Structures are given as structure tokens and as C-alpha cells.
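What the coordinates show
Here is what each chain is made of, one letter per residue.
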Amino acid sequence: FFFANMMRLPKMVVFDLDDCLWHPEMHELSGCPKKPVIGDLGNGQQGVIGAQTSGRDTVRLYDGALKALQQLHTDPQFKDV
């Protein structure tokens, strides 16, 4: 993650959601995703990696987005970000 080598960290990280963190884009879905999709979190653990609509469309996090969000959540250097 590119912030790890910076001397000063940002106060906030902002993501563009549709087609940056997940796919497909929300306007492409047949309904609102409500059912969690459980899968490999990439660290040997299982967790929510997406969501499914009643029409069976599935929104999934991109692998790189999942890793970035995990690092922001778990790495102590980002606790104040």
C-alpha cells in the first residue's frame, strides 16, 4: 500500500466506489444487494466479500480493494486516518 512509506499520513482516505472498489456498478443491478456473500478474505479467514440481490446479481470487492481496506482497518499506522 503506497501510504506505508510516507512520513506523514493523510487525515482521510476517499474511494470512488462503483467499479473502483467493486463490480458491477450499482446502476447495473436488478435490485438492492442485501444478502452477504462469504468468501476468502485472502488471509486464511472467511468473511464478507460481496453482496447479492434478490435477482441473484452479485457485487464483489476487487482483490486489491479488499487488501487496501484490510490494511487501512488493521494496520496500526492508519489508526488516526
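Parameters at a glance
Residues numbered from 1 in each chain as written. Predicted model: local features only at pLDDT ≥ 70, side-chain atom pairs only at ≥ 80, totals over all residues. Heavy atoms only, no water. Pairing = 2+ DSSP bridges. Helix = DSSP H or I, 4+ residues; strand = E, 2+ residues; numbered from the N terminus. Polar contact = N/O pair within 3.5 Å; in protein donor to acceptor, adjacent residues only side chain to side chain. Contact = heavy atoms within 4.5 Å. Patch = residues over 30% accessible without salt bridge, like charges linked within 9 Å, V, L, I, M, F, W, Y side chains within 5 Å. Areas by Shrake-Rupley, 256 points an atom, 1.4 Å probe, with all protein chains shown as cover. Salt bridge = Lys/Arg side-chain N within 4 Å of Asp/Glu carboxyl O. Buried < 20%, exposed > 50% of the residue type's maximum accessible area, 1.4 Å probe, protein only. Expected span 1.5 Å × (residues − 1). Arc of directions from axis to C-beta.

**So, the pairing of strand β4 (residues 58-61)**
Both faces of the sheet carry side chains from a regular strand, because those side chains alternate between them. The pairing of strand β1 (residues 22-23) with β4 spans two bridges and is antiparallel. Within the sheet, the bridge partner assigned to Trp22 lies in β4 and is Leu61. Two elements, strand β3 (residues 46-52) and β4, share three bridges in a ladder whose sense is antiparallel. When the bridges of β4 are listed, Ala51 appears paired with Val59. With antiparallel pairing between neighbouring strands as the criterion, β3 and β4 make up a hairpin whose turn holds five residues, including Arg56 at a positive phi of roughly 75°.

**A few points about the side chain of Gln52**
Along the polypeptide, Gln52 turns up in strand β3. Reaching out from Gln52, the side chain makes a polar contact with the side chain of Thr58 at a distance of 3.3 Å. In this structure, Gln52 is in contact with Cys32, Pro33, Lys34, Lys35, Val37, Asp57 and Thr58, ignoring residues within four places of it in sequence.

**Notes on a nonpolar patch on the surface**
Taken together, the side chains of Phe15, Leu17 and Leu69 define a hydrophobic patch exposed on the protein surface, amounting to about 210 Å² of accessible area. One can find Phe15 in the segment before β1. Assessed through its relative accessible area of 30%, Phe15 is described here as partly exposed.

**Overview of helix α1 (residues 63-74)**
A rise of 1.5 Å per residue sets the reference length of α1, with its twelve residues, at 16 Å; its end C-alpha atoms lie 16 Å apart and thus fit the reference within 8%. Within α1 the residues assigned to the buried category are Ala65, Leu66, Ala68 and Leu72. Relative to the axis of α1, the buried residues are bounded by an arc of 165° and lie together on one face. For α1, the exposed residues lying more than 90 degrees away from the buried face are Asp63, Lys67 and Thr74. Buried residues belonging to α1 abut β2 (35-40), β3 and β4.

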